Every structure is written in C-alpha cells, then in structure tokens.
Amino acid sequence: MGIDDRLTDVRRSIERLHPHEAQAAVDQGAVLVDTRPEFQRHAAGTIPGALIVERNHLEWRLDPASSGAVPEATDHAVRWIVLCDEGYASSLAAASLRWIGLPRATDLIGGFQAWRRAGFPVTPPAG
C-alpha cells in the first residue's frame, strides 16, 4: 500500500470539512489548527484566530495528557480542525490525532488555499 492508498483510507475514516463547514464548527467551539511551516505562513498569510502548531509538534501540543499541551487542549473531546496548505498532510495529521485518542479531530478540505478561495479572512503575507 502506497501513500495515495493510505491517504484514501484515512479520508474515508474522518468527516472532513469544507471551509464553510469549518467556519461553522469554529463558531460552535472547534479549534482551527494551522500546521503549515513558518515559511508558508510568511509567504501566504495566516487565518485570524487559528492556533499555530507546526506538524512536528502537533500530537504533543494537542494531547491534553502531554506536559507540552497548549491551553486549548482541555480534554479529549475538543474538536480539532487541522489545516495545511492544500489539504493533504492535514488528513494524515488528523488521523494521527485520532490514533492518540482525540476522536473529534478532522481536517480542512483544500487547506489554507481553499479557505482563502472561499473568501474567508486571512492576514496578508509578511513579505
């Protein structure tokens, strides 16, 4: 099984959200988590209010049992909506969060690029 097959399987197991659905979920208390590396955020901008946790720290920051957890990681029932640039790595990240016991983790279909195309607010690029 290659990565494309694994990605397809992962996506079948989670209810992924389009930008409008993600915004509605955030309005109801979900937390949007931007996992893009700093260079991508610098070049393209960010989503106001999104929690920034780069991918290599994600599980430790979102697991409420971790000594490195962010304040938003209050319990295992938090609804995390992970985003990357285009919605590929975020699917695998959401699956990893589910694997460590965060059953409501999901991701944003199309990532940051889809959010911006949908007309939702973004901060301007830093450069």
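These numbers were taken from a predicted model, which means no experiment stands behind them.

Draft legend 1. A look at the side chain of Asp34. Tracing the backbone through its elements, the reader meets Asp34 in strand β1 (residues 31–34). A distance of 2.7 Å separates a polar atom in the side chain of Asp34 from a polar atom in the side chain of Arg36. In this view, Asp34 contacts Arg41, Ala50, Leu51, Ile52, Val53, Glu54 and Leu83; residues no more than four positions away in its chain are not counted.

Draft legend 2. Representation of the packing of helix α1 (residues 3–13) against helix α5 (residues 89–99) within the structure. Where α1 contacts α5, the axes come no closer than 9 Å and their chain directions differ by 60°. By the criterion of interaxial angle, the relationship of α1 to α5 is oblique. Once α1 is placed against α5, the crossing between them reads as left-handed. On the side of α1, the interface is formed by Ile3, Leu7, Val10, Arg11 and Ser13, while α5 contributes Ser91, Leu92, Ala95 and Arg98. The residue makeup of the contact of α1 with α5, split by class, is 5 nonpolar, 2 polar and 2 charged.

Draft legend 3. Fine view of the packing of aromatic side chains. Tallied over the entire structure, the rule returns 1 aromatic pair. A cation sits over an aromatic face here: Arg36 above Phe112, 4.0 Å from the ring centre.

Draft legend 4. A look at the nonpolar core. Judged by nonpolar contacts, the single largest core of 15 residues is most densely connected at Val33, Leu51, Leu58, Leu62, Trp80 and Leu97. One finds Ala22, Leu32, Ala50 and Leu83 within the second-largest nonpolar core, a separate group that totals 14 residues.

Draft legend 5. A look at helix α2 (residues 19–27). Looking only at α2, the buried set comprises Pro19, Ala22 and Ala25. Buried residues along α2 cover an arc of 120° about the axis, so they all sit on one side. For α2, the exposed residues set more than 90 degrees away from the buried face come down to His20 and Asp27. Packing partners of the buried residues in α2 comprise β3 (80–83) and α6 (111–117). Directly after α2, the chain includes Gly29, whose backbone phi takes a positive value near 110°.

Draft legend 6. Broad picture of the pattern of salt bridges. If you walk through the whole model with that rule in mind, you get 5 salt bridges. Between Asp107 and Arg16 there is a salt bridge, and its shortest N-O distance comes to 2.8 Å. Note that Asp107 is positioned in strand β4 (residues 106–107) and Arg16 in the loop between α1 and α2, a separation of 91 residues in sequence. Each member of the pair, Asp107 as well as Arg16, carries the same accessibility label: buried. Of the charged contacts, one joins Arg41 and Glu54 as a salt bridge, the two residues approaching to 3.4 Å between their closest N and O atoms. Highlighted residues: Arg41 in helix α3 (residues 38–44) and Glu54 in the loop between β2 (51–52) and α4 (58–62), separated in sequence by 13 residues. Relative accessible area serves as the criterion here: at 28%, Glu54 is assigned to the partly exposed category.

How each quantity is defined
Residue numbers restart at each chain and count upward from 1, following the sequence in its written direction. For a predicted model such as this one, the threshold for reporting local features is a pLDDT of at least 70, and the threshold for listing and counting side-chain atom pairs is 80 or more; totals across whole chains, interfaces and linings nevertheless cover every residue. In computing side-chain values, all of the structure's heavy atoms are included and hydrogens and water are not. Put simply, DSSP H or I for four residues or longer makes a helix, DSSP E for two residues or longer makes a strand, and each gets a number counted from the N terminus. Any pair of nitrogen or oxygen atoms within 3.5 Å is treated as a polar contact; in protein, a donor-acceptor pairing is required on top of that, and neighbouring residues in sequence qualify only through side-chain atoms on both sides. In this description, contact between two residues means that some pair of their heavy atoms is separated by no more than 4.5 Å. The angle between two axes is taken between their N-to-C directions and runs from 0 to 180 degrees, where each axis is a line fitted to C-alpha atoms and a helix contributes only its stretch in contact. An angle below 35 degrees is treated as roughly parallel, one above 145 as roughly antiparallel, one from 65 to 115 as roughly perpendicular, and anything else as oblique. Crossing handedness is read from the near helix: turned anticlockwise from the far helix by less than a right angle, it gives a left-handed crossing, and turned clockwise, a right-handed one. Note that Gly is not counted as nonpolar here; it falls among the polar residues with everything else outside the nonpolar set of Ala, Val, Leu, Ile, Met, Phe, Trp, Tyr, Cys and Pro and the charged set of Asp, Glu, Lys and Arg. Classification of ring pairs uses Phe, Tyr and Trp, with its six-membered ring standing for Trp, and accepts pairs whose centres are within 6.5 Å; under 30 degrees between planes counts as stacked, over 60 as edge-to-face, and the remaining range as tilted. For a Lys NZ or an Arg CZ to count as sitting over a ring, it must be within 6 Å of the ring centre and within 35 degrees of the ring normal. Buried residues of nine kinds, namely Ala, Val, Leu, Ile, Met, Phe, Trp, Tyr and Cys, make up a nonpolar core once their side-chain atoms join them within 4.5 Å. A 1.4 Å probe rolled over the protein chains alone gives each residue an accessible area, and that area as a share of the maximum for its type sets the label: buried under 20%, exposed over 50%, partly exposed in between. To obtain the arc, one takes the directions from the helix axis to the C-beta atoms. In what follows, salt bridge is the name for a side-chain nitrogen of Lys or Arg lying within 4 Å of a carboxyl oxygen of Asp or Glu.

Read these as spatial facts, not as claims about activity.
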